[in-house]
Amino acid sequence: MIDEIPSDKGLTSEGNSPIQEQLEENKILIEELKIERDFSNTIIQTTPAFFVAIKPDGKVIMMNETMLNALGYKEEEVIGKDYLTNFIPIKDRAKLGHTFKNLSQHHQHTFVGCNLLAKNGNILMVEWHGSPILNGDELDYFICLGIDITKRMSSEEFLRESEKKYRELFEKSDDAILIIENDKFVDCNDATLRMLKYKNKEDLLYTHPSELSPEFQPNGKSSFEKATEMMDIAIQKGNHRFEWYHKKADGKVFPVEVLLTTVSIDENKKILHTVWRDITEKVKARNEIIEAREKAEEANKLKSNFLANMSHELRTPMVGIIGFSNILEEEIEQPDLKEYASFINEAGNKLMNSLNLILNLTKIETEKISVEYSKIDLIHNIKRTIYTFDKIAAQKNIYLKFKSEIESLENETDERMFTQIIANLVNNAVKYTDEGGIIVSCSKDDSYLVIEVKDTGIGIPKNMHNLIWEEFRQVSEGTARIYEGTGLGLTVTRNFVHKLGGKIKLESEDGKGSTFIVRLPIRQKSILYTVKNETQKSSDNTPKIKGAEKGLKTVLYVEDDIYALEVIPLLLKGHYNVESATSGEQGIIKTGDRVYDAVLMDINLHGQMDGTKTCEIIKEMDDYKNIPIIAVTAYAMVGDREKYLQIGFTDYISKPFSKDDLINLLDRNVK
Ligand code: ADP
């Protein structure tokens, strides 16, 4: 307040009255005060701290720009507003109310952490310094100076939280986790103690990893050497996973899967982190699998050998059964006896068929089967195969026809696989057809030979189309099974078709007959003759017996099985003369005496010299350089043909064989 201006009583040396001088002084004072206030105001407004002045009744009388900006308000929006309800989050209001009360009662300065509520709802964390401003003894207002610590708090809190989280992970993990610093363990979790059966962490700390292992690892290296090598790899690669053997506190050694990870490396400190997992059960299971696999492989080998032997044992007598019944059927006049002989022959052939299927499947399973190419006339082969079913078809009173737009097709194929494919399909067609009949047809489509086996039989329901290719599966299974069979025919057929690079397809409906379509690639250099007339009766396709008009040639048959020795000359009667030798030694003497047109050599001769050795010696003789020596064996395993040809045999035939097979073989080889 400026005092009342006094009346002008006298003048100063400058000629001013004392009142005027007083006025001038006051003016200067006011100017100085103004400058001082502006200065303070500028400081308050521009300081990075928050500044707020509040009346004792809680109303805001001033808020600096820093705080206004942080809260997102304009000055006019805050002046006169209640501080607690407008700018403090609900949960902090009681605390701040209490602080204000203290300030007004005790007139002391206070530090407090209190959150602020921004206009957009965000919460700011602020550390406050509050002071009461007094007018005499009376509280005039509070001033509060605050520092925004939101950023600092959130990063500190984040760090604290994250450390807590990772510590929990470390502690609660089921895997043993250890920290290695400069090759020594410096920390580990509880799971490590449980795994190694240690009571105190301290017993483990500051040990080298190799000290928790047996002295030597299973590969013979010392654990210290090996552990150092593993850590070096982890340092180079960043991490390294490997199997290891550790030792428990009680001395028990057990297998562990270790993951070693490099955390940080500098000149003075290398820190690694390692996770261990007890793999005792896993290793046990793995060993059991290995053992089981070895056992299975061994059993499989035994099975293959057993099958090879069984094949030999069954095939040898089958030569007698099938051969003699064949001859009896032809020779016997009395109708009922003739029929019995044909039954024996049929049963023998069926048995051979089943035996062949089982053997083939075993070969497929063991992946031992490989394609052995030789050049044959495919059409002739199909006709000959169909012919073998002629009699059964006639007995069932159904037709079995063959039609082809190709008269002959010489092509490279695996003869046994090809014959088996046709035989299986025709066999099924005949088996599952009781009325009507079967037509087998051949055609050429680009570079494929297409063979269709179409029957008017019982058909196959659509839902069974996928299943019948699986081994042992049949449309009618279990005790309700109406048709006999092994359920292996189609499995083997499809496999053989694939092996020959072809495809097989089924078209069929329940009760409406079935058509199996096989497409086989025609290999290059095949010779093909086409014909116009297509439909012929199958019986017309009986292979022409060659050589019947020729002068008979003589074959030496070296064999020690008495049935085979008897039956072969009978089968070749009218085609070839047969002389026999009952051992390898006798065979050599006989071939030394005269030059035969061919030699049929049984492999499994029981004398001192087997068929292979005998063949080698005969081949040495000058007269026999160009004479065919044909291997005859009951060991009809895959790969045999190639093996015998390599040894020096001219050709190969497996027991038992039909009369036609044998004659064709000799016709093919004898010049
Ligand atoms: P199977 O020895 O039983 O004949 P396959 O593997 O040759 O074994 O055939 C599997 C099943 O497919 C047969 O049991 C039969 O149910 C069905 N099947 C195969 N060919 C024919 C066909 N031509 N007509 C009807 N069903 C067939």
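Now for a description of the structure that goes with this document. Note that the structure is a prediction, hence the values are computed from the model and not measured.

## Looking at the overall build of the protein
Broken down by element type, the protein carries 19 helices and 24 strands. Looking at the 671 residues of the protein, the share that counts as buried comes to 41%. Of all intrachain contacts in the protein linking residues separated by at least 6 positions in sequence, the fraction that spans at least 24 positions is 58%. When the accessible surface of the protein is summed, it comes to about 38000 Å², and 52% of that surface belongs to carbon and sulfur atoms.

## Brief notes about the pairing of strand 2 (residues 60-63)
As paired elements, strand 1 (residues 50-54) and strand 2 share three bridges and run antiparallel to each other. Across the sheet, residue I54 finds its bridge partner in strand 2, namely V60.

## Examining the side chain of T99
Within the fold, T99 resides in helix 5 (residues 90-106). Of the residues examined, T99 reaches a relative accessible area of 11% and is grouped as buried. A polar contact is formed between the side chain of T99 and the backbone oxygen of K95, at a distance of 2.9 Å.

## As for the packing of helix 13 (residues 415-431) against helix 14 (residues 489-499)
Where helix 13 contacts helix 14, the axes come no closer than 9 Å and their chain directions differ by 145 degrees. Every pair of crossing elements has a handedness; the one defined by helix 13 and helix 14 is left-handed. Contacts from M417, Q420, I421, N424, L425 and N428 of helix 13 reach helix 14 at G489, L490, V492, T493, F496, V497 and K499. Residue composition of the contact of helix 13 with helix 14, by class: seven nonpolar, five polar and one charged.

## A word on the sheet that holds strand 9 (residues 253-265)
Read across the open sheet, the five strands follow the order 7-6-10-9-8; overall the sheet is antiparallel. Because the sheet does not close on itself, it has two edges, and the strands there are strand 7 (184-188) and strand 8 (239-247). Each adjacent strand pair in this sheet contributes to an overall mean axis angle of 35 degrees, direction not counted. Where strand 6 (residues 176-181) and strand 7 come together, four bridges link them in antiparallel fashion.

## Details of helix 13
The first and last C-alpha atoms of helix 13 sit 24 Å apart over 17 residues, in line with the 24 Å expected at 1.5 Å per residue. Across the 17 residues of helix 13, twelve count as buried, placing the element largely inside the fold. Residues M417, F418, Q420, I421, I422, A423, N424, L425, V426, N428, A429 and V430 constitute the buried set of helix 13. With a side-chain oxygen lying 3.1 Å from the backbone nitrogen of R416, the N-terminal cap of helix 13 falls on D414.

## A closer look at a nonpolar patch on the surface
A grouping of L337, Y340 and F343 is seen on the molecular surface, where their side chains present a nonpolar patch of about 300 Å² in accessible area. Considering the arrangement of structural elements, one finds Y340 in helix 10 (residues 335-365). For Y340, a relative accessible area of 47% puts it in the partly exposed group.

## Looking at the sheet that holds strand 20 (residues 553-558)
Strand order in the open sheet formed by five strands is 21-20-22-23-24, with parallel pairing between adjacent strands. Whereas interior strands pair on both sides, the edge strands pair on one side only; in this sheet they are strand 21 (576-581) and strand 24 (651-654). Sheet twist, expressed as the average angle between the axes of neighbouring strands with direction ignored, equals 25 degrees. The sheet strands contacting helix 18 (residues 640-647) are strand 23 (629-633) and strand 24, and the helix crosses strand 24 at an angle near 145 degrees.

## Regarding helix 16 (residues 584-593)
Residues of helix 16 that are buried include every one of G584, G587, I588 and T591, and no others. For helix 16, the angular spread of buried residues about the axis comes to 100 degrees, placing them on one side. Turned more than 90 degrees off the buried face of helix 16, the exposed positions are I589 and D593. Lining the buried residues of helix 16 we find strand 20, strand 21, strand 22 (598-602) and helix 17 (611-620).

## A closer look at the environment of T192
Here T192 is to be found in helix 7 (residues 190-196). A relative accessible area of 0% places T192 in the buried class. Residues T192 and I177, spaced 15 residues apart in sequence, show a C-alpha to C-alpha distance of 6.4 Å. Beyond its immediate sequence surroundings of up to four residues, T192 is in contact with A176, I177, L178 and L204. A polar atom in the side chain of T192 sits 3.4 Å from the backbone oxygen of I177.

## Points about a negative patch on the surface
Side chains of D278, E281, E288, E291 and E294 sit close together on the surface and give a patch of like negative charge. Ranked by the residues each element gives to the negative patch, the list is headed by helix 9 (residues 280-331), at four residues. Tracing the backbone shows E288 in helix 9.

## Remarks on the site of the ligand
Not every one of the 20 residues close to the ligand is listed here, only the nearest: N428, D455, Q474, V475 and L490. Within the side chain of D455, an N or O atom sits 2.9 Å from a nitrogen atom of the ligand. One nitrogen or oxygen atom from the main chain of V475 is found 2.9 Å from an oxygen atom belonging to the ligand. When the ligand sits alone it has 530 Å² of accessible area, and the protein chains cover 97% of it. Contributions of two or more residues to the shell around the ligand are made by helix 13, helix 14 and strand 17 (514-521).

## Some words on the pairing of strand 16 (residues 503-508)
Side chains of strand 16 alternate between two faces, with I504, L506 and S508 buried and K503, K505 and E507 left unburied. Alignment of strand 16 against strand 17, held across six bridges, turns out to be antiparallel. Within strand 17, the residue paired with E507 across the bridge is T515. Here strand 16 hands over to strand 17 after five residues, with G511 in that stretch at a positive phi of 80 degrees.

## Focus: the packing of aromatic side chains
Counted under the stated rule, the structure contains ten aromatic pairs. The interplanar angle of 15 degrees and the centroid separation of 4.8 Å between the aromatic rings of F100 and F142 together place this pair among those described as stacked. Taken together, the residues span a long stretch of sequence, with F100 in helix 5 and F142 in strand 5 (residues 138-148) at a distance of 42 residues. This pair shows no difference in class: F100 is buried, exactly as F142 is. Aromatic side chains F185 and W276 sit 5.8 Å apart centroid to centroid with 80 degrees between the ring planes, which places their arrangement in the edge-to-face category. A residue pair is termed long-range when its members are at least 10 positions apart, and F185 in strand 7 and W276 in strand 10 (residues 270-278) qualify at 91 residues. Residue W276 is classed as buried on the basis of its relative accessible area of 3%.

## Side note on unusual backbone geometry
The backbone of N182 sits at a positive phi, close to 45 degrees, despite the residue not being glycine. Tracing the backbone through its elements, the reader meets N182 in the loop between strand 6 and strand 7. Of note, the phi angle at D183 is positive, near 70 degrees, even though the residue is not glycine. Summarising the element assignment, D183 is placed in the loop between strand 6 and strand 7. A residue is classified by how much of its surface remains accessible, and D183, at 22% relative accessible area, is partly exposed.

Rules and cut-offs
All residue numbers refer to positions counted from 1 along the written sequence of the respective chain. With the structure being a predicted model, the display of local features is reserved for residues of pLDDT at least 70 and the display and counting of side-chain atom pairs for 80 or more, all residues being used for whole-chain, interface and lining totals. Note that the side-chain values use all heavy atoms of the structure and ignore hydrogens as well as water. Helix numbers and strand numbers start at the N terminus; a helix is a DSSP run of H or I with at least 4 residues, a strand a run of E with at least 2. Here's how the labels work: a residue is buried when its accessible area is under 20% of the maximum for its type, exposed when over 50%, partly exposed in between, all with a 1.4 Å probe on protein chains only. Residue contacts follow a heavy-atom distance rule, with two residues in contact if any of their heavy atoms lie within 4.5 Å. The Shrake-Rupley method, run with a 1.4 Å probe sphere, supplies the accessible areas, and residue values consider only the shown protein chains as cover. Strand pairing follows a simple DSSP-based rule, namely that at least 2 bridges must link the two strands. Here a polar contact means two N or O atoms within 3.5 Å. Within protein one must be a hydrogen donor candidate and the other an acceptor candidate, and residues neighboring in sequence count only if both atoms are side-chain atoms. Angles run from 0 to 180 degrees between N-to-C directions of axes, and those axes are lines fitted to C-alpha atoms, restricted for helices to the stretch in contact. With the far helix as reference, a near helix turned anticlockwise by less than a right angle produces a left-handed crossing, and one turned clockwise produces a right-handed crossing. Under the scheme applied, nonpolar residues are Ala, Val, Leu, Ile, Met, Phe, Trp, Tyr, Cys and Pro; charged residues are Asp, Glu, Lys and Arg; polar residues are all the others, including Gly. What a helix should span is 1.5 Å times the count of its residues minus one. Exposure above 30% relative accessible area and the lack of any salt bridge qualify a residue for a patch; like charges then connect within 9 Å, and the nonpolar side chains Val, Leu, Ile, Met, Phe, Trp and Tyr within 5 Å. Salt bridges are identified by distance alone: a Lys or Arg side-chain nitrogen within 4 Å of an Asp or Glu carboxyl oxygen. What the arc measures is the spread of directions leading from the helix axis to the C-beta atoms. The sign given to each residue is positive for Lys and Arg and negative for Asp and Glu; His and the chain ends receive no count. Charged side chains are reduced to one point each, which is NZ for Lys, CZ for Arg, CG for Asp and CD for Glu. Whether a residue is near a molecule or strand depends on its heavy atoms: if one lies within 4 Å, it is near. Each pair of aromatic rings taken from Phe, Tyr and Trp, with Trp reduced to its six-membered ring, is defined by centres within 6.5 Å and is described as stacked if the planes are under 30 degrees apart, edge-to-face if over 60, and tilted in the remaining cases.

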